[in-house]
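Residue strings, one per chain:
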Amino acid sequence: MTPLETSDFTGHCLCGEIRFHGTYDAGHGLKACHCSQCRRWSGHYWAAILPRSLTIEGQPRWYRASDSARRGFCGTCGSSLFWQHDGSDVIDVAAGAIDSPPGLQLLGHIFVADKGDYYDIADGLPQDPAES
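Residues numbered from 1 in each chain as written. Predicted model: local features only at pLDDT ≥ 70, side-chain atom pairs only at ≥ 80, totals over all residues. Heavy atoms only, no water.

Brief notes about the sheet that holds strand S8 (residues 80–85)
Rules: Note on pairing: two strands pair once DSSP finds at least 2 bridges between them. Numbering of helices and strands starts at the N terminus; helices are DSSP runs of H or I of at least 4 residues and strands are runs of E of at least 2.
Strands sit in the order S4-S9-S8-S7-S6 across an open sheet of five strands; the sheet is antiparallel. Pairing within the sheet leaves two strands with one partner each, and these edge strands are strand S4 (48–49) and strand S6 (61–64).

Structure below.
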């Protein structure tokens, strides 16, 4: 079996107090989440990478978002940065906080049944009313 190629990434919050770097699988695709929590958290919808490795510099604050997940943000500038499912070692990283992400591509949309009524999704990508 051939090992997957990885790409490096770096990123930071708006004020720079929280910085991070790591690797993710090359060619990784994103799905935009339109659930009500993600819309409130991000201000519109949420898209994140699932890193293979992640190092966080600084101390993000964590908010218990549900019975099964937490969300990380900068306590100084408020930037939404991370999402982590309970019991998982993987911390999802906000695509918008990554510096010049190489090879990231939006592949579809999830939880579109919860999307805001103020916008349409007209990019032709798959739309799942829940999660897949």
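A few points about the sheet that holds strand S2 (residues 19–25)
For clarity, the threshold we go by: In this description, a line fitted to the C-alpha atoms serves as the axis of each element, helices being fitted only across the stretch in contact, and the angle between N-to-C directions of two axes falls anywhere from 0 to 180 degrees.
With antiparallel pairing, three strands are arranged side by side in an open sheet as S1-S2-S5. Edge positions in the open sheet fall to strand S1 (6–12) and strand S5 (53–57), since each of these has one partner strand only. The average undirected angle you get between the axes of adjacent strands in this sheet is 15°. The pairing of S1 with S2 spans seven bridges and is antiparallel.

Points about the packing of aromatic side chains
Defined as follows: Any pair of Phe, Tyr and Trp rings, taking the six-membered ring for Trp, is counted once the centres come within 6.5 Å. Such a pair is stacked with planes under 30 degrees apart, edge-to-face with planes over 60 apart, and tilted for the rest. Working definition: with a 1.4 Å probe on protein chains only, accessible area under 20% of the residue-type maximum means buried, over 50% means exposed, and in between means partly exposed.
This structure, assessed with the given rule, holds six aromatic pairs. Between Phe 9 and Tyr 24, the ring centres sit 6.0 Å apart and the planes meet at 50°, which makes this aromatic pair tilted. In this pair, Phe 9 sits in strand S1 while Tyr 24 sits in strand S2, placing the two residues 15 residues apart along the sequence. Taking relative accessible area as the criterion, Phe 9 reaches 3% and is therefore assigned buried.

What to know about the pairing of S2
In this structure, the hairpin formed by S1 and S2 is closed by a connection of six residues, where Gly 16 is found at a positive phi of approximately 90°. Across five bridges, the pairing between S2 and S5 is antiparallel. Following the sheet pairing, Phe 20 is matched in S5 by Ile 56.

Details of the pattern of salt bridges
Keep this limit in mind: Each salt bridge in this description consists of a side-chain nitrogen of Lys or Arg and a carboxyl oxygen of Asp or Glu lying within 4 Å of one another.
Evaluation of the coordinates by the stated rule reveals two salt bridges. Residue Asp 25 is joined to Arg 52 by a salt bridge in which the shortest nitrogen-to-oxygen separation is 2.7 Å. Separated by 27 residues along the polypeptide, Asp 25 in strand S2 and Arg 52 in the loop between S4 and S5 bring together distant segments of the chain. Its salt-bridge partner being Asp 86, residue Arg 64 comes within 2.9 Å of it at the nearest N-O pair. Note that Arg 64 is positioned in strand S6 and Asp 86 in the loop between S8 and strand S9 (92–94), a separation of 22 residues in sequence.

Things to note about the side chain of His 109
Defined as follows: Throughout, a contact is declared for two residues whenever any of their heavy atoms are within 4.5 Å.
Its place among the elements puts His 109 in strand S10 (residues 105–110). Among all residues touching His 109, those that are not within four sequence positions of it are Ala 32, His 34, Ile 121, Asp 123, Leu 125, Pro 126, Gln 127 and Asp 128.

Considerations on the layout of surface pockets
Here is the rule we go by: Points on a 1 Å grid, built from protein atoms alone, make a cavity when a 1.4 Å probe fits but cannot get out and make a pocket when they are open with protein on both sides within 12 Å along at least 5 of 7 lines; residues with an atom within 4 Å of a point are the lining residues. Grid points are joined across faces, edges and corners, and a volume is the space filled by probe spheres set on the points. The residue classification treats Ala, Val, Leu, Ile, Met, Phe, Trp, Tyr, Cys and Pro as nonpolar and Asp, Glu, Lys and Arg as charged. All others, Gly included, are polar.
Computed from the structure, the largest pocket encloses a volume of approximately 560 Å³. Contributing to the lining of the largest pocket are 24 residues, with Cys 33, Trp 83, Asp 92, Ile 110 and Glu 131 lying nearest its centre. Secondary-structure elements contributing two or more residues to the lining of the largest pocket are strand S3 (29–33), helix H1 (36–42), strand S7 (69–73), S8 and S10. It is S3 that provides the largest number of residues to the lining of the largest pocket, a total of four residues. Split by residue class, the lining of the largest pocket holds 13 nonpolar, seven polar and four charged.

Focus on the nonpolar core
The criterion, for reference: In this text, buried Ala, Val, Leu, Ile, Met, Phe, Trp, Tyr and Cys residues form a nonpolar core when linked through side-chain atoms within 4.5 Å.
Phe 9, Phe 20, Ile 49, Leu 81, Phe 82 and Val 93 are the most contacted members of the largest nonpolar core, which has 25 residues in total. Contributions of two or more residues to this core are made by S2, S3, H1, S4, S8 and S9. Filtering out sequence-adjacent residues up to four positions away, Ile 49 remains in contact with Phe 9, Tyr 24, His 28, Leu 30, Asp 92, Val 93, Ile 98 and Leu 104.

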